[in-house]
Amino acid sequence: MNRIVCLLILLIATSCDYFEKKKVYPEELLEEELQTFNWNEVDTYPTFINCESLTEKIERKVCFQNTLINNVNHYLETQNLVVSNDVNDTITLNIKIDKTGQLEVDSIKIHPETIQEIPEIDSLLRQSLKGIPKIYPAIKRNQQVTTAFELPVIVRIN
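Residue indices begin from 1 for each chain and proceed along its sequence in written order. In keeping with the model being predicted, local features are shown solely for residues with a pLDDT of at least 70 and side-chain atom pairs are shown and tallied solely at 80 or more, while totals for entire chains, interfaces and linings include all residues. To get the side-chain values, all heavy atoms of the structure are used, and hydrogens and water are removed first.

1. A few points about the side chain of T92
Move 1: Within the secondary structure, T92 sits in strand 1 (residues 87-97).
Move 2: Type-normalised accessible area, obtained with a 1.4 Å probe on protein chains alone, sets the label of each residue: buried when under 20%, exposed when over 50%, and partly exposed for intermediate values. Since its relative accessible area comes to 17%, T92 is described here as buried.
Move 3: For T92, the contacting residues outside a window of four places in its chain are S107, I108, K109, E150 and L151. In DSSP terms, a helix is any run of H or I states spanning at least four residues, a strand is any run of E spanning at least two, and both are numbered starting from the N terminus. Only heavy atoms enter the contact rule, under which two residues are in contact if any of them lie within 4.5 Å.

2. Some details on a nonpolar patch on the surface
Move 1: For patch building, the residue pool is restricted to those with more than 30% relative accessible area and no salt bridge; the joining distance is 9 Å between like charges and 5 Å between nonpolar side chains (Val, Leu, Ile, Met, Phe, Trp, Tyr). Per-residue and other accessible areas follow the Shrake-Rupley method at a 1.4 Å probe size, with only the shown protein chains counted as cover for residues. One side-chain nitrogen of Lys or Arg within 4 Å of one carboxyl oxygen of Asp or Glu is enough to make a salt bridge. A cluster of nonpolar side chains, namely M1, V5 and I9, defines an oily patch on the protein surface of about 350 Å² accessible area.
Move 2: By the secondary structure assignment, I9 is in helix 1 (residues 2-14).

3. A closer look at the state of the cysteines
Move 1: Only a pair of cysteine sulfur atoms within 2.5 Å qualifies as a disulfide here. This model, assessed by the stated rule, comprises one disulfide.
Move 2: Across the disulfide, C51 is cross-linked to C63 (sulfur-sulfur distance 1.9 Å). Taking the torsion about the sulfur-sulfur bond, which here is approximately -80°, the covalent link between C51 and C63 counts as left-handed. With C51 in the loop between helix 2 (26-36) and helix 3 (57-77) and C63 in helix 3, this pair connects stretches of sequence that are 12 residues apart. When sorted by exposure, C51 lands in the same class as C63, which is buried.

Keep in mind these values describe shape, not function.
What follows is the structure, encoded as structure tokens:
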């Protein structure tokens, strides 16, 4: 009986650690949250009003990109570009959409042959993005955020 009482006292004395409250620091919580946070993904991609009806995240992204590409292509088609040699190039537009929905061109990658045939292609591409509809910015955790995209534009002139 003495052994059981001694064993119970020993168990009770060592189990007090389980009732002790651990102090949690806000900095530790923030650091832990930042570790699990995926900075490269957004909850909702930037969108146009015509893409609002789509429910799937990837469908909205495709709709957004197609709307931008169609706008650029339509603008370039109206410019009546004349070239001496055929042009078949994929131009890469690096664009940024800030948290207010403003589009900014960071850079444009164009092959030198295309620049030689169409010297004003850079300014034409930038001008084509000025007439786009209102952009609703990307959302991450219920906050509007800035996003960056690489937009390929295929230019074929014969």
